[in-house]
Amino acid sequence: CRAMLAFPSDRQLQLRGIQAIANLSFMHQANQARLAEAGAAKLVCSVLEQHEDDKDLHCEGARAMDSLAWSCQANQERLGQAGACRLVAHTLESFGRNKVATLQACRATASLATNHGRNQDALAKAGTCRLLVEALVRFAGDRSLICECCDALVALLYHVAANQ
C-alpha cells in the first residue's frame, strides 16, 4: 500500500498493487484484517476514482473489492464508506460490454451487498440493479456469467425486498 501511495500516477504500479491486494485478501481473513488496517479499501477506491477510464484497473479493482469484502463486514463497511458501491456501478456502466469487467463487478456487488443493508441501498441507488439486468441480456448465452449476475442480484435485492 505504501508504494501505491508514494507513486499515485504510476498506472502500472497501481495495477500491480491492486492485484496484490486482491490476491492477498482472497479468502484469507487474517490478510483481510491486515490490509484493512493498512487502508486498502480506501486506497483501491481512490485509485479507481483517479483512473475512471481504465478498464484493466477497474477489473482488478472490482476483484480486490470482492476479495476484501467477502465474508468481512468490517471491510464491507470500509469499502462502502470509500465509495465502492458507486465505483462498481461505474465499472458496469463504462465497461459492461467486457465479460471480465462484468464478471468482476458482479462478484464485487455480491460481496459488498451480502448481509449489508447500507451497501445494498447504495448499490441500488447507483443503478446497479438496472446494470445487472442489462448484463443478463447482453450475456444471455453465457451460463457462468448469468449465474454471477443472478448471485449479485440476489445479494443486492434481499434487503431491498425484505423492507418493501
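Residues numbered from 1 in each chain as written. Predicted model: local features only at pLDDT ≥ 70, side-chain atom pairs only at ≥ 80, totals over all residues. Heavy atoms only, no water.

**Considerations on the overall build of the protein chain**
Okay, so step 1: Helix and strand counts for the protein chain stand at 11 helices and 0 strands.
Okay, so step 2: The secondary structure elements of the protein chain, listed N-terminal to C-terminal, are α-α-α-α-α-α-α-α-α-α-α.
Okay, so step 3: Rg of the C-alpha trace for the protein chain: 15 Å, near the compact-globule value of 15 Å for 164 residues, within the 12% margin.
Okay, so step 4: Each of the three principal axes of the protein chain carries a C-alpha extent, and together these read 45 × 30 × 25 Å.
Okay, so step 5: The burial tally for the protein chain puts 47% of its 164 residues in the buried class. (Helix = DSSP H or I, 4+ residues; strand = E, 2+ residues; numbered from the N terminus. Rg over C-alpha atoms; globule rule 2.2 N^0.38 Å. Buried < 20%, exposed > 50% of the residue type's maximum accessible area, 1.4 Å probe, protein only.)

**So, the environment of Val133**
Okay, so step 1: Turning to its location among the elements, Val133 is positioned in helix α10 (residues 128-138).
Okay, so step 2: Of the residues examined, Val133 reaches a relative accessible area of 43% and is grouped as partly exposed.
Okay, so step 3: In sequence terms Val133 and Ala101 are 32 residues apart; their C-alpha atoms lie 15 Å from each other.

**Examining a nonpolar patch on the surface**
Okay, so step 1: On the surface, Phe26, Met27 and Trp70 cluster together to form a nonpolar patch covering roughly 340 Å² of accessible area.
Okay, so step 2: As for its position among the elements, Phe26 is in the loop between α2 (11-25) and α3 (29-37). (Patch = residues over 30% accessible without salt bridge, like charges linked within 9 Å, V, L, I, M, F, W, Y side chains within 5 Å. Areas by Shrake-Rupley, 256 points an atom, 1.4 Å probe, with all protein chains shown as cover. Salt bridge = Lys/Arg side-chain N within 4 Å of Asp/Glu carboxyl O.)

**Looking at the packing of α2 against α3**
Okay, so step 1: Interaxial distance between α2 and α3 falls to 8 Å at its minimum, and their mutual angle equals 140°. Here α2 is positioned oblique relative to α3, judged by the angle of their axes. Of the residues in α3, those touching α2 at Ile21, Leu24 and Ser25 are Asn31, Gln32 and Leu35.
Okay, so step 2: Each residue belonging to the contact of α2 with α3 can be placed in one class, and the counts come to 3 nonpolar, 3 polar and no charged. (Axes fitted to C-alpha atoms, helices over the stretch in contact; angles between N-to-C directions. Parallel < 35°, antiparallel > 145°, perpendicular 65-115°, else oblique. Contact = heavy atoms within 4.5 Å. Nonpolar A, V, L, I, M, F, W, Y, C, P; charged D, E, K, R; others polar.)

**Considerations on the pattern of salt bridges**
Okay, so step 1: In the structure shown here, the tally under the stated rule is 10 salt bridges.
Okay, so step 2: The partner of Asp56 in a salt bridge is Arg11, with the nearest N and O atoms 3.3 Å apart. With Asp56 in helix α5 (residues 55-69) and Arg11 in helix α2, this pair connects stretches of sequence that are 45 residues apart.
Okay, so step 3: Looking at Asp56, the relative accessible area reads 37%, which means it is partly exposed.
Okay, so step 4: Connected through shared salt-bridge partners, Arg11, Asp54, Lys55 and Asp56 make up one network.

**Brief notes about the state of the cysteines**
Okay, so step 1: For the structure shown, the criterion picks out 0 disulfides.
Okay, so step 2: We note that Cys45 lacks a disulfide partner, and the nearest cysteine sulfur, in Cys85, lies 8.6 Å from it.
Okay, so step 3: Cys45 gets classed as buried once you look at its relative accessible area, which sits at 1%. (Disulfide = S-S within 2.5 Å.)

**A few points about the environment of Arg11**
Okay, so step 1: Residue classification places Arg11 among the partly exposed residues on the basis of a relative accessible area of 26%.
Okay, so step 2: Along the chain, Arg11 and His51 lie 40 residues apart, while their C-alpha atoms are 8.4 Å from each other.
Okay, so step 3: Beyond its immediate chain neighbours, meaning those up to four positions away, Arg11 contacts Asp54, Asp56 and Leu57.
Okay, so step 4: A polar contact of 3.4 Å, which involves the side chain of Arg11, links it to the side chain of Gln12.
Okay, so step 5: Of note is the side chain of Arg11, whose polar atom sits 2.6 Å from the side chain of Asp54. (Polar contact = N/O pair within 3.5 Å; in protein donor to acceptor, adjacent residues only side chain to side chain.)

**Description of the environment of Glu77**
Okay, so step 1: Mapped onto the secondary structure, Glu77 falls in helix α6 (residues 73-82).
Okay, so step 2: Put simply, Glu77 and Ala41 are 36 residues apart on the chain and 9.4 Å apart in space, counted from C-alpha to C-alpha.
Okay, so step 3: Contact partners of Glu77, with chain neighbours within four places excluded, come to His116 and Arg118.

**Overview of the nonpolar core**
Okay, so step 1: Membership of the largest hydrophobic core comes to 41 residues, with the highest contact counts inside it found for Ile18, Ile21, Met65, Leu79 and Leu112.
Okay, so step 2: Counting residues per element, the ones that place at least two in this core are α2, α4 (40-50), α5, α7 (84-95), α8 (99-113), α10 and α11 (143-162).
Okay, so step 3: Discounting residues that sit within four places of it in the chain, Leu79 has contacts with Ala41, Cys45, Met65, Leu68, Ala69, Ala84 and Leu112. (Core = buried A, V, L, I, M, F, W, Y, C linked by side-chain atoms within 4.5 Å.)

These results come straight from atomic positions and should not be treated as a statement about function.
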